[in-house]
Amino acid sequence: MALFKKKKETQPPEPQWFTSVTNLPTYNYKVYYMTKLEKILYFLLAFVIGAVVGYLFYGGLGRDEFGQRTTLSWILDISIPAIVGLVAGRIFVPTRTKQIRDKNARNLNSQFRDFLEAFNTSIGAGKNVVDSFHAVYDDMRIQYEEDAFIVKELEVILSGMANNFAVEDLMEDLGNRSGNDDIVSFANVFRISYRKGGNLKDTINTTHSILSDKMEIKEEIETMVSASKMEQTVMIFMPVGLIGIMKSMSPDFAANFATPAGIASTTIAIALFIVSYFVGRKILNIKL
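Residues numbered from 1 in each chain as written. Predicted model: local features only at pLDDT ≥ 70, side-chain atom pairs only at ≥ 80, totals over all residues. Heavy atoms only, no water.

Draft legend 1. Inspection of unusual backbone geometry at higher detail. A positive phi angle, near 65°, is found at Asn-23, a position not held by glycine. Position of Asn-23 among the secondary structure elements: in the loop between strand E1 (17–19) and strand E2 (25–27). On the accessibility criterion, Asn-23 (66% relative accessible area) is exposed. Positive phi, close to 65°, is recorded for Asn-164, a residue that is not glycine. Accessibility expressed as a relative area gives 74% for Asn-164, which makes it exposed. (Helix = DSSP H or I, 4+ residues; strand = E, 2+ residues; numbered from the N terminus. Buried < 20%, exposed > 50% of the residue type's maximum accessible area, 1.4 Å probe, protein only.)

Draft legend 2. Seen up close, the packing of aromatic side chains. Inspection of the entire model under this criterion finds 17 aromatic pairs. Centre to centre, the rings of Phe-190 and Tyr-194 are 5.3 Å apart; their planes meet at 15°, and the pair counts as stacked. Separated by four residues within a single helix, Phe-190 and Tyr-194 lie in helix H6 (residues 181–195), roughly one turn from each other. By relative accessible area, Phe-190 is classed as buried at 0%. Judged by its relative accessible area of 29%, Tyr-194 is partly exposed. An aromatic cluster is defined as three or more aromatic residues linked by ring pairs; in this entry it consists of Phe-112, Phe-115, Phe-119, Phe-133, Phe-186, Phe-190 and Tyr-194. (Phe/Tyr/Trp six-rings, centres within 6.5 Å; stacked < 30°, edge-to-face > 60°.)

Draft legend 3. Looking closely at the nonpolar core. With 39 residues, the main nonpolar core has Phe-115, Phe-133, Met-171, Phe-186 and Phe-190 as its most contacted residues. Counting only elements with at least two residues in this core, the list comes to helix H2 (71–124), helix H3 (129–143), helix H4 (149–162), helix H5 (167–178), H6 and helix H7 (200–249). When residues in this core are grouped by element, the largest group, nine residues, is from H2. Counting residues in hydrophobic clusters, the runner-up holds eight residues, among them Leu-56, Tyr-58, Leu-61 and Ile-80. (Core = buried A, V, L, I, M, F, W, Y, C linked by side-chain atoms within 4.5 Å.)

Draft legend 4. Seen up close, the packing of helix H1 (residues 36–58) against H7. Where H1 meets H7, the axes come as close as 10 Å, and the angle between the chain directions of the two elements is 50°. By the angle between their directions, the pair H1 and H7 is classed as oblique. Like other packed secondary-structure pairs, H1 and H7 cross with a definite hand, here left-handed. Listed contacts from H7 to Val-53, Tyr-55, Leu-56, Phe-57 and Tyr-58 of H1 are Val-240, Ile-243, Gly-244 and Lys-247. Within the contact of H1 with H7, the residues separate by chemical class into seven nonpolar, one polar and one charged. (Axes fitted to C-alpha atoms, helices over the stretch in contact; angles between N-to-C directions. Parallel < 35°, antiparallel > 145°, perpendicular 65-115°, else oblique. Left-handed = near helix turned anticlockwise from the far one by under 90°. Contact = heavy atoms within 4.5 Å. Nonpolar A, V, L, I, M, F, W, Y, C, P; charged D, E, K, R; others polar.)

The following block contains the structure:
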């Protein structure tokens, strides 16, 4: 029996940025790490909202038989909202991080679709691959801002081609960093058709049609479920607003929340709100 157990090796987290072959920074779309300022701001936002909700549901506990505040009620009115706010902050920060990462992935997917369309048009017009990439870069700069994902990626590709790096390797690198199956598929098809002497024009046109249809279906599904996501968010916060209205308009009714039955029902309700939110998001996250 070994006296010392071998420490479990842990994989280091993926970096947010890589360095390209031409020393240009390249973005890793598979992860997103908040800055310290972002973490603080999002945590404070969630903390404030959570503390307000905590006080709304649990405020007024520990009062005497005459409804007057006691030392215990002051302690509970401070500690419970603080605990709820801390829990809300701990939950919201990673949730918001995932939302930002998914938003970046959707933006890249949408921009890559426009890239495919422009690239297919250039190849169909008889331009070679190098000239097509330059033409697409000019089109994307007109269509998007300078800091758009696809513009930055095309700058990396053009810089790599100018330094005699294989364009198919640059496209493969983009696919690996994107974590997008459509971009990976295009990079693989492009490598085979470009280096194996296939009919590049027909191959790119067919690939563009298939991937464009797939991306269009994704966008249609996202548009269809966006309304349901908004309704879900409204349904989550509506009970909180109703409780606030009832407590402010009827102090006698609000006193019922300070009873053991009121505390139990309130706790169950909050748990159900949280669980239903994450379950609903999971159901509405349709992947194609």
